[in-house]
Amino acid sequence: MIRIEKARLESAKSDPDSFLDVFFSSYMKGYEDVCAEQMASLNWYMNTLLAYVIVRNEVSDGGFLQLMHNGYGGYVFDNPFAKSLKLFGLKDLSKMIYDLRKVYLTHKDDIEADCSDDEFMAKYERYDMLDDYDDEFIEHEEEWTCFLASYVEANMDKFADEITE
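Below is a summary of the structure that appears in this document. No experiment lies behind these values; they were computed from the predicted model shown. All residue numbers here refer to positions counted from 1 along the written sequence of the relevant chain. It should be noted that, the model being predicted, local features are given only for residues of pLDDT at least 70 and side-chain atom pairs only at 80 or more, the latter also being counted only at that level, while totals for whole chains, interfaces and linings use all residues. Only hydrogens and water are set aside when side-chain values are computed; all heavy atoms of the structure are taken into account.

1. Things to note about the overall build of the chain
Now for step 1: Every helix listed is a DSSP run of H or I at least four residues long, and every strand listed is a run of E at least two residues long, numbered separately from the N terminus. Looking only at helices and strands, the chain has nine helices and two strands in total.
Now for step 2: Walking the chain from its N terminus toward its C terminus, one meets helices and strands in the order β-α-α-α-α-α-α-α-α-α-β.
Now for step 3: Summarising its shape, the C-alpha atoms of the chain cover approximately 50 × 30 × 25 Å along the three principal directions.
Now for step 4: Any residue under 20% of the maximum accessible area for its type is buried, any over 50% is exposed, and the rest in between are partly exposed; the area is computed with a 1.4 Å probe on protein chains only. Taking all 165 residues of the chain together, 45% fall into the buried category.
Now for step 5: It only takes one pair of heavy atoms within 4.5 Å for two residues to be counted as in contact. Contacts in the chain between residues at least 24 apart in sequence constitute 67% of all its contacts with a sequence separation of at least 6.
Now for step 6: Distance between charge centroids for the chain: 9 Å, based on 16 positive and 36 negative side chains. In summary, the charge assignment counts Lys and Arg as positive and Asp and Glu as negative, without counting His or the chain termini. Charged groups are reduced to one reference atom each: NZ for lysine, CZ for arginine, CG for aspartic acid, CD for glutamic acid.

Structure representation (structure tokens):
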């Protein structure tokens, strides 16, 4: 059961990133990383928000290559994340995720392969087709995060089982 403290939401309300992170931290409570058990305990809305925050964090830190290499490709591209974004109203981001899915499926084994730091950095040159996606995401991240935070706020009953005092 996902319980969110009302006071935490109120203190984070003025910052969309912090607002979404309140939910994210509740979803991750007791888990070090995303796993099947955790995914099964979250509904479709919660999984979409969890995936978005992971995408935002990974892409902001090291791009879509890092997201894929760190093992989140399956969670983001093999689940209905892109469809969910479209249904929420984030059509441009949805299209981007569908496009990136093709890259992920084509190069998955190489991108996810264990490697040294130098070998990983060389992958940025090999997969430079991801640069435009990284740039587009960074360019629109604030807009998308604000949109999603507003969507969550308007539909909180779908993103938390209970808001506690």
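2. Remarks on the side chain of Thr164
Now for step 1: By secondary structure assignment, the location of Thr164 is in strand S2 (residues 162-164).
Now for step 2: Judged by its relative accessible area of 19%, Thr164 falls in the buried class.
Now for step 3: Every residue in contact with Thr164, bar those within four places of it in the chain, is listed here: Arg3, Ile4, Glu5 and Lys6.

3. Topic: the nonpolar core
Now for step 1: Residues Phe23 and Phe64 are the most contacted members of the largest nonpolar core, which totals 55 residues.
Now for step 2: Among the secondary structure elements, those contributing two or more residues to this core are helix H1 (6-12), helix H2 (16-28), helix H4 (44-77), helix H5 (81-88), helix H6 (91-112) and helix H8 (131-154).
Now for step 3: When residues in this core are grouped by element, the largest group, 18 residues, is from H4. By nonpolar core we mean a set of buried residues, namely Ala, Val, Leu, Ile, Met, Phe, Trp, Tyr and Cys, connected to one another through side-chain atoms within 4.5 Å.

4. Here's the deal with the side chain of Asn155
Now for step 1: Looking at the secondary structure, you find Asn155 in the loop between H8 and helix H9 (156-159).
Now for step 2: Look at Asn155 and you get buried, because its relative accessible area is 18%.
Now for step 3: Polar contacts involving the side chain of Asn155 include one to the main-chain carbonyl oxygen of Tyr151, which spans 2.8 Å. N or O atoms closer than or at 3.5 Å make up a polar contact, with two conditions inside protein: a donor-capable atom paired with an acceptor-capable one, and, for residues adjacent in sequence, both atoms drawn from side chains.

5. A word on the layout of surface pockets
Now for step 1: By volume, the largest pocket is sized at about 200 Å³.
Now for step 2: Looking at the lining of the largest pocket, the elements with two or more residues in it are strand S1 (3-5) and H2.
Now for step 3: For the lining of the largest pocket, the leading source of residues is S1, giving three residues.
Now for step 4: Here the lining of the largest pocket is composed, by residue class, of two nonpolar, three polar and four charged. Residues are called lining when one of their atoms sits within 4 Å of a cavity or pocket point, these points coming from a 1 Å grid over the protein atoms alone, where a cavity is a set in which a 1.4 Å probe fits but cannot get out and a pocket is an open set with protein on both sides within 12 Å along at least five of seven lines. Grid points are joined across faces, edges and corners, and a volume is the space filled by probe spheres set on the points. Each residue gets one of three labels, nonpolar for Ala, Val, Leu, Ile, Met, Phe, Trp, Tyr, Cys and Pro, charged for Asp, Glu, Lys and Arg, and polar for the others, Gly among them.

6. A short note on the packing of H4 against helix H7 (residues 117-126)
Now for step 1: Under this scheme, a helix contributes an axis fitted over its contacting stretch, all axes are lines through C-alpha atoms, and angles between N-to-C directions fall in the 0 to 180 degree range. Between H4 and H7, whose axes approach to 10 Å, the crossing angle comes to 125°. Judged by the angle between their axes, H4 and H7 are oblique. Here H4 runs over H7; the crossing is right-handed. The residues of H7 that touch H4, namely those facing Gly62, Leu65, Gln66 and His69, are Phe120, Lys123 and Tyr124.
Now for step 2: Class assignment for the residues of the contact of H4 with H7 results in three nonpolar, three polar and one charged. Roughly parallel here means an angle under 35 degrees, roughly antiparallel means over 145, roughly perpendicular means 65 to 115, and every remaining angle is called oblique. We call a crossing left-handed when the near helix sits turned anticlockwise from the far one by less than a right angle, and right-handed when that turn is clockwise.

7. So, the packing of aromatic side chains
Now for step 1: Ring pairs shown here join Phe, Tyr and Trp side chains whose ring centres sit within 6.5 Å, with only the six-membered ring taken for Trp; geometry is labelled stacked below 30 degrees between planes, edge-to-face above 60, and tilted in between. Using the criterion set out here, one finds 13 aromatic pairs in the structure.
Now for step 2: Judged by centre distance (5.6 Å) and plane angle (80°), the rings of Trp44 and Phe88 are edge-to-face. With Trp44 in helix H4 and Phe88 in helix H5, the pair connects residues that are 44 residues apart, well separated along the chain.
Now for step 3: Take Trp44: its relative accessible area is 33%, and that puts it in the partly exposed class.
Now for step 4: Considering the side-chain rings of Phe64 and Phe137, the 5.9 Å spacing of their centres and the 85° angle between planes classify their relative orientation as edge-to-face. Residue Phe64 is located in helix H4, and its partner Phe137 is located in helix H8; the two are separated by 73 residues in the primary sequence.
Now for step 5: Among the residues examined, Phe64 registers a relative accessible area of 0% and is labelled buried.
Now for step 6: Connected via pairs of aromatic rings, a cluster forms that spans Trp44, Tyr45, Phe88, Tyr151 and Phe159.

Geometric descriptors of this kind do not, in isolation, establish any biological role.
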